[in-house]
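# Structural description and commentary
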Amino acid sequence: MSGGIRLRPTMLSDLDFVISVEQDPANRPFITPWDRTQHEGAIRFPDFRHFIVEAGPGYPSAGFVILQGCRNPHRSIELKRIVLSPACQGQGAGRACIRVLAQMAFRDLRAHRFWLDVKGLNTRAQALYRSEGFIEEGRLRESVKTDDGYDALVVMAMLDREHAAMHEGRSGHADHPA
Ligand SMILES: CC(C)(COP(=O)(O)OP(=O)(O)OC[C@H]1O[C@@H](n2cnc3c(N)ncnc32)[C@H](O)[C@@H]1OP(=O)(O)O)[C@@H](O)C(=O)NCCC(=O)NCCS
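Quick summary incoming for the structure in this document.

Conventions adopted
- The written sequence of each chain sets the order in which its residues are numbered from 1.
- Per-residue local features are limited, in this predicted model, to residues with pLDDT of at least 70; the limit for side-chain atom pairs, both in listing and counting, is 80 or more; totals at the level of whole chains, interfaces and linings are taken over all residues.
- Think of the side-chain values as coming from all heavy atoms in the structure, minus any hydrogens and water.
- Nearness of a residue to a molecule or strand requires only that one of the residue's heavy atoms be within 4 Å of it.
- In protein, a polar contact requires one atom able to donate a hydrogen and another able to accept it; more generally it is a pair of N or O atoms within 3.5 Å, and residues adjacent in sequence count only if both atoms are side-chain atoms.
- Note on areas: Shrake-Rupley with a 1.4 Å probe; residue coverage comes only from the protein chains shown.
- In this text, helices come from DSSP runs of H or I with a minimum length of four residues, and strands from runs of E with a minimum of two, each type numbered from the N-terminal end.
- Accessibility here uses a 1.4 Å probe with only protein chains present; expressed as a share of the type maximum, an area under 20% marks a residue as buried, one over 50% as exposed, and anything in between as partly exposed.
- Contacts are assigned to residue pairs that have any heavy atoms within 4.5 Å of one another.
- For a helix, the expected span equals 1.5 Å multiplied by the residue count minus one.
- Here the rule is simple: two strands pair whenever DSSP picks up at least two bridges between them.
- Angles run from 0 to 180 degrees between N-to-C directions of axes, and those axes are lines fitted to C-alpha atoms, restricted for helices to the stretch in contact.

This part is about the site of the ligand. Neighbouring the ligand are 19 residues; L84, G90, G92, R95 and N122 lie closest to it. At a separation of 2.8 Å, an oxygen atom of the ligand approaches a polar side-chain atom of R95. Coverage of the ligand by the protein amounts to 70% of the 940 Å² it exposes when considered alone. Looking at the shell around the ligand, the elements with two or more residues in it are β4 (76-84), α3 (93-108) and α4 (123-131).

Turning our attention to unusual backbone geometry. One non-glycine residue, R75, adopts positive backbone phi at about 55 degrees. Tracing the chain through its elements places R75 in the loop between β3 (63-68) and β4. Judged by its relative accessible area of 42%, R75 is partly exposed. Residues other than glycine seldom take positive phi values, yet E142 does so here, at roughly 45 degrees. Looking at the secondary structure, you find E142 in strand β6 (residues 135-146). When its relative accessible area of 60% is taken as the criterion, E142 is described as exposed.

Relative to the elements of secondary structure, L159 occurs in strand β7 (residues 149-159). Taking the relative accessible area as the measure of exposure, L159 reaches 18% and is therefore buried. In this structure the C-alpha to C-alpha distance between L159 and F134, which are 25 residues apart in sequence, comes to 8.6 Å. Residues within four places of L159 in sequence aside, it is in contact with F106, H112 and R113.

For the rest of this paragraph, the subject is α3. The end-to-end C-alpha separation of α3 is 21 Å, in line with the 22 Å expected for 16 residues at 1.5 Å each. Here α3 has its buried residues at A93, G94, A96, C97, I98, L101, A102, Q103, M104, A105 and F106. Phi turns positive one or two residues past the end of α3, at R110, with a value near 55 degrees.

Ordered in space as β1-β2-β3-β4-β5-β7-β6, the seven strands form an open sheet in which the pairing is mixed. Looking along the sheet, the strands with just one partner apiece sit at the ends: β1 (6-9) and β6. In this sheet, neighbouring strand axes are inclined to one another by 30 degrees on average, regardless of whether the strands run parallel or antiparallel. Summarising the sheet, β4 and strand β5 (residues 113-119) pair through three bridges and their orientation is parallel. Note that in β5 the partner of I77 across the bridge is F114.

Take the pairing of β7 next. For β7, a buried count of nine out of eleven residues is recorded, marking the element as mostly surrounded by other parts of the structure. Strand direction decides the pairing type here: β5 and β7, joined by seven bridges, are antiparallel. In the sheet register, R113 faces β7, and the bridge partner there is L159. Judged from the eight bridges that link them, β6 and β7 form a sheet pairing that is antiparallel. Considered in β7, the bridge of R139 is made with V154.

What follows is the structure, given as structure tokens:
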């Protein structure tokens, strides 16, 4: 699999898959799983966008992503969740998703700010977000319960002008396709 991915709107019939990926023991430490009703709400409410990640013929369903705040008056959109099935991780699909989602947030949904929070222990995701232009804004200390205590939530964000500058920089370099 290359980094090439496609996002399609999640349907109610996808929710068994969504919940199984979210509940996968390899993914559990990094997210706080939702119940089915929360996912149904995110599919239905216009403030959310819920997508299945397709990663080529080998992986018609590679994972899912959720945006929240799409109707936010402050134009502040949150990358609420990104989860890939373990078989699809580490092959560039996550990075490709972040690029597509940032474009969607800033270009299609006219966001001013695109932000997320990520657990302190999730250094893999933090490295990805940082390398895609997100800036760490702060740490909410001991915010989420873990098996042996608490973990921080790291808040990271990108502004529209920062995304535009990065995009411009990339288009000028053939070795960094946008
Ligand atoms: C986080 C996640 C979306 C990243 O997607 P991915 O497809 O696995 O990541 P990519 O292959 O695109 O790699 C992107 C970057 O992640 C980092 N990365 C990937 N695997 C890593 C690992 N095992 N250790 C440390 N960093 C790693 C690297 O910075 C990599 O950059 P590189 O291309 O320069 O090597 C995916 O791994 C996932 O679903 N994880 C479980 C759920 C989760 O943590 N979600 C995020 C919650 S905030």
